[in-house]
Amino acid sequence: MKQLEVFVAVAKERSTRAAADSVARSQSAASSALAELESNMGVPLFDRAGRRLILNESGAKLLPVAISLLDQALELEHSLEDVSGGSLVIAASMTIGEHILPEVLARWQRKHPSNPVRMLISNSASVLDAVENFDVDIGFIEGQQTRSGLILQHWFNDEMVVVAGSTHPFAQRDVTISDLRSASWAMREMGSGTRESAERWLVETLGHIKVEYELGSPQAVAAFVASSVALACLPRHAVARNVKAGELSILRTEMPRASRRLAVVTHGARRLGATSQAFIDHCQRCSALAPESGLKDDELWRLARLIATKQSPGSDIDNAACI
């Protein structure tokens, strides 16, 4: 296991010196462990490029197996402790990480104080990269992007809406298809799940849109649209606070209603540990009260939360009213 630990660290850091630091060993000990592993395997696992070590074909085949074995060894160490003491690293897309998961994480922390979670937030493409490269245990993405070898598990659906600044002329009347075609649009960057979902929905109905502005987060898009004449297509979750504050208006359009799937992403070659599975189960319970469209009616949601506060801490309803 020590050899595999060094191997995985070298694959990530691309040098024995950095790998040795990450596994708390001397560089000579790390080099010896890697040499022993390659000798036992009978093939080199890295190509040497100066001081850099790059995984070759044999090493790339071994990497997911090695990570899975190390995960199982760690799980065995904690098997008598149930999920106590296990930490997680997750990655989430912008909308999920900024608007949905914070409350889910807060409830997880109250129920599992000895299981810390570190969350990285980026666009959906980068989340997939992180899961694919074994940098995180679990990913959360928007839209239909995927990669070979990754497993996507449906979480719940989120509604897409067209918004404008509250003083925009379109905010005061019904908006036609012709209005939308002639409007200027602000969008997320390419690689964003929101951008993918928005363009697919809009182009299917409108045929063409004028994307004149690109911004790197849902809140940046919302803030820009609130003070400009541009329109945006964003998840309802991402604009709820802006709409409530009177900064944005959800437009009444002739567009068909659109929802998109939010998904939990794991690596097919990585066996889920007890803590990872418990966290995924927690997230699934948290979405139990969310309607299929992803739209939460304010009165229904306040009632659900009121009911939840009267349940015992371990009840399903309490776990569900989280988002």
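Our structure is the block above this text.
Keep in mind it's a predicted model, so treat the numbers as computed, not measured.

Reading guide: rules and limits
- Residues numbered from 1 in each chain as written.
- Predicted model: local features only at pLDDT ≥ 70, side-chain atom pairs only at ≥ 80, totals over all residues.
- Heavy atoms only, no water.
- Helix = DSSP H or I, 4+ residues; strand = E, 2+ residues; numbered from the N terminus.
- Buried < 20%, exposed > 50% of the residue type's maximum accessible area, 1.4 Å probe, protein only.
- Contact = heavy atoms within 4.5 Å.
- Areas by Shrake-Rupley, 256 points an atom, 1.4 Å probe, with all protein chains shown as cover.
- Phe/Tyr/Trp six-rings, centres within 6.5 Å; stacked < 30°, edge-to-face > 60°.
- Pairing = 2+ DSSP bridges.
- Right-handed = clockwise from strand over helix to strand, strands pointing away.
- Axes fitted to C-alpha atoms, helices over the stretch in contact; angles between N-to-C directions.
- Parallel < 35°, antiparallel > 145°, perpendicular 65-115°, else oblique.
- Expected span 1.5 Å × (residues − 1).
- Arc of directions from axis to C-beta.
- Polar contact = N/O pair within 3.5 Å; in protein donor to acceptor, adjacent residues only side chain to side chain.

Before going further, it helps to spend a moment on the overall build of the chain. Within the chain, the secondary structure is distributed over 13 helices and eleven strands. Buried residues in the chain amount to 48% of all 323 residues. Within the chain, contacts between residues at least 6 apart in sequence are counted, and of these 75% link residues at least 24 apart. If you sum the accessible surface of the chain, you get close to 15,600 Å²; carbon and sulfur atoms cover 52% of it.

By the definition in use, this model includes six aromatic pairs. When the ring of Trp-155 is compared with that of Phe-156, the centres are 5.1 Å apart and the planes differ by 75°; the resulting orientation is edge-to-face. Across the pair, exposure class does not vary: Trp-155 and Phe-156 are buried alike. Measuring from ring centre to ring centre gives 4.6 Å for Tyr-213 and Phe-224, while their planes differ by 50°; the resulting arrangement is tilted. One end of the pair, Tyr-213, is in strand β8 (residues 210–215); the other, Phe-224, is in helix α9 (residues 218–226), with eleven residues separating them in the sequence.

As for its placement among the helices and strands, Pro-169 is situated in the loop between β6 (150–165) and α7 (177–182). Judged by relative accessible area, Pro-169 falls into the exposed class, the value being 53%. Spatially, the C-alpha atom of Pro-169 lies 8.9 Å from that of Val-229, the residues being 60 residues apart in sequence.

Bridge analysis of strand β3 (residues 88–93) against strand β4 (residues 117–122) gives six bridges, and the strand direction is parallel. From the neighbouring strand, Ala-91 faces β4, where its bridge partner is Leu-120. Once the chain exits β3 it traverses helix α5 (residues 94–111) before rejoining the sheet at β4, and the crossover so formed is right-handed.

It is worth spelling out the packing of α5 against helix α10 (residues 236–244) at this point. For the pair α5 and α10, the least separation of the axes is 9 Å and the interaxial angle reads 55°. In terms of axis orientation, α5 runs oblique to α10. Of α10, the residues touching α5 (which contributes Thr-95, His-99 and Ile-100) are His-237, Ala-238 and Arg-241.

Moving on: helix α3 (residues 27–41). Here α3 is 15 residues long and its end C-alpha atoms lie 21 Å apart, about the 21 Å a rise of 1.5 Å per residue gives. Turning to α3, its buried residues number three or more, namely Ala-30, Ala-33, Leu-34, Leu-37 and Glu-38. On an axial view of α3, the arc spanned by its buried residues comes to 130°, and they lie on one face. Turned more than 90 degrees away from the buried face of α3, the exposed residues are Ser-28, Ser-39 and Asn-40. Remark: Gly-42 follows α3 within two positions and exhibits a positive phi of approximately 80°.

Here the focus is the side chain of Ser-15. Residue position: Ser-15 is located in the loop between α1 (2–13) and α2 (16–22). One polar contact links the side chain of Ser-15 to the main-chain amide nitrogen of Ala-18, over a distance of 3.1 Å.

Okay, the pairing of strand β7 (residues 184–188) next. Most of β7 is tucked away: five of the five residues are buried. As paired elements, β7 and β8 share five bridges and run parallel to each other. Bridged to Ser-184 within β8 is Lys-210. After leaving β7, the chain enters helix α8 (residues 193–206) and then returns to the sheet as β8, a path that is right-handed. Pairing analysis gives two bridges linking β7 to strand β9 (residues 231–235), with the strands arranged parallel. Its bridge partner being in β9, Trp-185 is matched across the sheet by Leu-231.

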